[in-house]
Amino acid sequence: MTDWTALIRDVPDYPKPGILFKDITPLLADHGAFTRVVGELGDGLEFDKVVGIEARGFILAAPVAYRSGAGFVPVRKKGKLPADTFEASYDLEYGSATIEVHADAFDPGDRVLIVDDVLATGGTARAAVELVRRTGAEVVAVSFLMELSFLSGRDRLPGLDVRTLLTV
Ligand code: AMP
């Protein structure tokens with residue numbers, strides 16, 4: 001079986017000097033590797049909806065939802081969702097941003113799994129957790145393909161079930 005971890009490509013100095021970008025496109029292009037990580041991201045968890053964080057989170061979260069019989073909910077950059085939203089702002093490893101979710105995206109008591117590709121500083125995931133909670137839904141876990149442990153993103157997600165398939 002393919003070692004999917006070898007299919008994550010390091011791109012130095014992207015999008016800024018000093019950032020080592022983790023490019024998952026070679027992994028996505030490999031059916032075996034893609035299938036395997038989609039299976040593992042939701043493994044052993046029970047949830048009603050899967051949140052994907054724009055944009056690479058969409059690519060991973062949608063098949064996790066489909067495979068598990070759950071719904072998919074996009075968390076998008078500010079200004080992209082058409083109906084009423086909640087918003088949260090945060091700092092990134094490179095820059096800052098505001099993300100939004102539709103105010104009516106969840107049913108009361110929905111169990112939600114949040115999925116993204118990379119846990120870096122944890123700011124994005126922290127903001128996504130806040131958004132889900134503001135709607136009244138419950139975050140059951142936050143699942144990442146990869147964690148950049150030297151940035152200590154986990155520390156920004158206290159009390160949460162934080163899962164990563166690969167730690168670097
Ligand atoms: P953070 O809020 O710092 O945890 O950043 C997480 C978000 O930024 C995720 O949506 C990642 O896709 C992206 N990201 C941050 N750092 C990197 C990196 N070194 N390589 C690839 N994506 C990254």
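Please refer to the structure higher up on the page.
Residues numbered from 1 in each chain as written. Predicted model: local features only at pLDDT ≥ 70, side-chain atom pairs only at ≥ 80, totals over all residues. Heavy atoms only, no water.

**Student:** Sorry, what's going on with the side chain of Ser143 here?
**Tutor:** Looking at where Ser143 falls in the secondary structure, it is placed in strand 8 (residues 138-147). Taking relative accessible area as the criterion, Ser143 reaches 1% and is therefore assigned buried. Excluding anything up to four places from it in sequence, Ser143 contacts Leu41, Leu113, Ile114, Val115, Asp116 and Arg163. (Helix = DSSP H or I, 4+ residues; strand = E, 2+ residues; numbered from the N terminus. Buried < 20%, exposed > 50% of the residue type's maximum accessible area, 1.4 Å probe, protein only. Contact = heavy atoms within 4.5 Å.)

**Student:** What is the right way to look at the sheet that holds strand 5 (residues 85-92) in this model?
**Tutor:** Two pairing modes exist for strands in a sheet, parallel and antiparallel, and in both the strands are linked by backbone hydrogen bonds. What the seven strands build is an open sheet, ordered 5-6-4-3-7-8-9; its pairing is mixed. Either end of the sheet is taken by a strand with one partner, and the two such strands are strand 5 and strand 9 (162-167). Going from strand to strand, the sheet's axes swing by 25° on average, the running direction of each strand aside. Two elements, strand 7 (residues 111-119) and strand 8, share eight bridges in a ladder whose sense is parallel. Residue pairing in the sheet places Val112 in a bridge with Val139 of strand 8. The sheet strands contacting helix 3 (residues 56-68) are strand 3 (49-53), strand 4 (71-77), strand 7 and strand 8, and the helix crosses strand 3 at an angle near 165°. (Pairing = 2+ DSSP bridges. Axes fitted to C-alpha atoms, helices over the stretch in contact; angles between N-to-C directions.)

**Student:** Honestly, the packing of aromatic side chains in this entry has me stumped. Any pointers?
**Tutor:** In this description, an aromatic ring pair is defined by two values, namely the gap between the centres and the angle between the planes. Scanning all chains against the criterion turns up two aromatic pairs. With 5.2 Å between their ring centres and 85° between their planes, Tyr14 and Phe21 make a pair best called edge-to-face. A ring pair is formed by Phe58 and Phe72, whose centres lie 5.9 Å apart and whose planes are at 90°; its orientation type is edge-to-face. Highlighted residues: Phe58 in helix 3 and Phe72 in strand 4, separated in sequence by 14 residues. Look at Phe58 and you get partly exposed, because its relative accessible area is 22%. (Phe/Tyr/Trp six-rings, centres within 6.5 Å; stacked < 30°, edge-to-face > 60°.)

**Student:** Would you mind going over the nonpolar core with me for this structure?
**Tutor:** Nonpolar side chains in soluble globular proteins generally cluster together in the buried interior. Core analysis: the largest hydrophobic core is formed by 27 residues, its most contacted members being Trp4, Leu27, Phe47, Val50, Leu60, Leu113 and Leu145. Looking at this core, the elements with two or more residues in it are helix 1 (25-28), helix 2 (31-41), helix 3, strand 7 and strand 8. Apart from residues no more than four positions distant in its own chain, Leu145 is found in contact with Trp4, Ile24, Leu27, Val37, Leu41, Leu60, Asp116, Asp117, Thr164, Leu165 and Leu166. Judged by nonpolar contacts, the second largest core, of 26 residues, contains Ala105, Ile114, Ala127 and Ala128. (Core = buried A, V, L, I, M, F, W, Y, C linked by side-chain atoms within 4.5 Å.)

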